[in-house]
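In case you want the letters, here they are:
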Amino acid sequence: MEQNNSSVSFSDIVIAGAGPAGSTASLFLSAAGIRHTLIDKAVFPRDKICGDALSGKVLPVLKKLNPELINELLTTNENCLGSRGIVFGAPNGKTLDVPFRAVNSVITHDPGFVSKRIHFDFSLIKKLNPEFCDFRQGNEISDIEYSNKKVQLALKTANGTTENLECKLLIGCDGAHSVANKLLGDEHKLDSNHYCGGIRAYYSNVKNMHPENYIELHFLDELLPGYFWIFPLPNGMANVGAGMLTKSISRKKVNLKTAMLNAIENNPSIKHRFAGAQLQGKIEGWGLPLGSKKRKISASNLLLCGDAAGMIDPFSGEGISNAMYCGMRAAEVAQNAVRENNFSDVFLKQYDELVYNRMWSELKLSHTLQKLCNYPSLFNFVVNKASKNETFRQTISCMFDDIDLRKKLRQPSFYFRMLFG
Ligand SMILES: Cc1cc2nc3c(=O)[nH]c(=O)nc-3n(C[C@H](O)[C@H](O)[C@H](O)COP(=O)(O)OP(=O)(O)OC[C@H]3O[C@@H](n4cnc5c(N)ncnc54)[C@H](O)[C@@H]3O)c2cc1C
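Residues numbered from 1 in each chain as written. Predicted model: local features only at pLDDT ≥ 70, side-chain atom pairs only at ≥ 80, totals over all residues. Heavy atoms only, no water.

Some points on the packing of aromatic side chains
- Counted according to the given criterion, the structure contains 10 aromatic pairs.
- Seen in terms of ring centroids, Phe88 and Phe315 are 6.0 Å apart; in terms of plane orientation they differ by 25°. Their pairing is stacked. Within this pair, whereas Phe88 is found in strand β5 (residues 85-89), its partner Phe315 is found in the loop between α7 (306-309) and α8 (320-340), the two being separated by 227 residues in sequence.
- We classify Phe88 as buried; its relative accessible area is 3%.
- These aromatic residues form a ring-pair network of at least three members: Phe88, Phe219, Tyr227, Trp229, Phe231 and Phe315.
- The ring of Tyr202 is capped by Lys116, whose NZ or CZ atom sits 4.3 Å from the centre of that ring.
- Directly above the aromatic system of Tyr356 lies the positively charged group of Lys294, at a separation of 5.4 Å from the ring centroid. (Phe/Tyr/Trp six-rings, centres within 6.5 Å; stacked < 30°, edge-to-face > 60°. Helix = DSSP H or I, 4+ residues; strand = E, 2+ residues; numbered from the N terminus. Buried < 20%, exposed > 50% of the residue type's maximum accessible area, 1.4 Å probe, protein only. Lys NZ or Arg CZ within 6 Å of the ring centre and 35° of its normal.)

In structure tokens form, the structure reads like this:
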């Protein structure tokens, strides 16, 4: 990447949050020689409630940073398990196995991975470059407001004091409960049609995991219109969880934890696999702001990334790769803004275009698939049909693999093949 060691001081650009979005933005800014401050309230390594599955779409971002990172963080990392596909379980118990690798894929290593976030996020943090990144962990941003064409931040520091910081550009990567996105008023207010609740548990000794470490999404009757997952982890562990649209949780008055434990004990498709399995630690929940709705993700002096921007795939619940993609693009736009010394809303709007041009058609398709969960018999029909429909299987592969699904979505013949192929 072109070096741009300008007169930017560490405090001119602040990244709020050092999850995958924030650490990626920092790594790309450092690669461009741009000083910045990265702030996180947690001290790393820290846990993040998640399914821990990393799709193939993480790979091009890491590759752009440094191709060596793919080996170091994923393929040769003992905390990371390669995964070769996905199993869909329909409400009627039928399953559909889809390998991640699409026919025309050129990659040679495993196409997907599963790694506990405590490990994956820390592996990115360890790559931060102190020459350009002033990393302030254990510091919580308690308030953010505009003042005089800048953004003012109030920080609760690690030693309990309060500090004020002023920046020309805030890159908001502070997750599902973002403080940064409040600068956009109600734009990112929780919308229960586009927000999911999720819970995660770690289990040991779950039986009959796929020999090629396929991740599993099961659409069980007792959890519809939500889903239940089992993702394999290193050392015989599994990440097990459930997610459901917040609107449905309220409408059906579902207690996700009770519903999930009930399914584990009683659902005929999965209960035998949990006989003898042990829950390790607590079952914990967190929110998923879904990308099924297009929102404004930039404003004067502000770019939003990842969950703070509402970028989670509405069908798969996958948000790590989108967060990293946003981080990469935000660093690029920040570099342009520094070069032009222009942090206006009009200038920064290029970021919305870059991100949505890449992601919107995929997010829309996922939204359509998500709606299928409201119609169990239609879902059963689709899984039956998909098991015989190569185009459908290829499409699912592309959704998780390093392949540009957008090109396919632009071809009318694709929809024909998908429906009748
Ligand atoms: C139950 C569940 C299962 C999921 N499963 C998957 C999956 O299998 N695969 C997948 O790809 N995605 C999954 N997701 C989504 C994924 O976890 C998120 O999309 C991803 O973590 C987004 O990354 P991020 O960097 O935007 O935010 P985060 O990872 O949430 O990072 C935000 C960071 O900001 C910090 N922060 C927050 N507030 C402040 C503040 N005020 N001051 C300072 N720091 C702050 C936090 O400490 C945190 O480190 C799941 C989510 C949930 C809830």
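Remarks on the side chain of Asn77
- Looking at the secondary structure, you find Asn77 in the loop between α3 (68-75) and β4 (80-83).
- Apart from residues lying up to four places away in sequence, Asn77 is in contact with Asn71 and Glu72. (Contact = heavy atoms within 4.5 Å.)

A few points about the site of the ligand
- Neighbouring the ligand are 38 residues; Asp40, Gly51, Ala53, Arg117 and Asp307 lie closest to it.
- Between the ligand and Gly317 there is a distance of 3.3 Å, counted from a nitrogen atom to a backbone nitrogen or oxygen.
- Contact between the ligand and Ile320: an oxygen atom at 2.9 Å from a main-chain N or O atom of the residue.
- Protein burial of the ligand: of its 1,000 Å² of free accessible surface, 95% is covered by the chains.
- Going through the elements one at a time, α1 (20-31), β9 (140-147), β15 (227-232), β17 (278-289), α7 and α8 are the ones with two or more residues in the shell around the ligand. (Near = heavy atom within 4 Å. Polar contact = N/O pair within 3.5 Å; in protein donor to acceptor, adjacent residues only side chain to side chain. Areas by Shrake-Rupley, 256 points an atom, 1.4 Å probe, with all protein chains shown as cover.)

A short note on the nonpolar core
- Counting 76 residues, the largest nonpolar core has Leu170 and Ile171 as the members making the most contacts within it.
- When residues of this core are assigned to their parent elements, the largest contribution, 12 residues, is made by α8.
- When residues no more than four places from it in sequence are discounted, the contact partners of Ile171 are Ile13, Val14, Ile15, Ala16, Leu29, Leu303, Cys305, Ala330 and Ala334.
- Counting residues in hydrophobic clusters, the runner-up holds 23 residues, among them Phe88, Trp229, Leu233 and Val383. (Core = buried A, V, L, I, M, F, W, Y, C linked by side-chain atoms within 4.5 Å.)

Thoughts on the sheet that holds strand β16 (residues 237-245)
- Strand order in the open sheet formed by seven strands is β6-β5-β14-β15-β16-β13-β17, and the pairing between neighbours is mixed. The two strands at the open ends of the sheet, each matched to only one other strand, are β6 (95-99) and β17. Each adjacent strand pair in this sheet contributes to an overall mean axis angle of 15°, direction not counted.
- Bridging between strand β14 (residues 215-218) and β15 involves three bridges; their strand directions are antiparallel. Along β15, the bridge assignment pairs Glu216 with Ile230. (Pairing = 2+ DSSP bridges. Axes fitted to C-alpha atoms, helices over the stretch in contact; angles between N-to-C directions.)

All we've got here are geometric facts, nothing functional implied.
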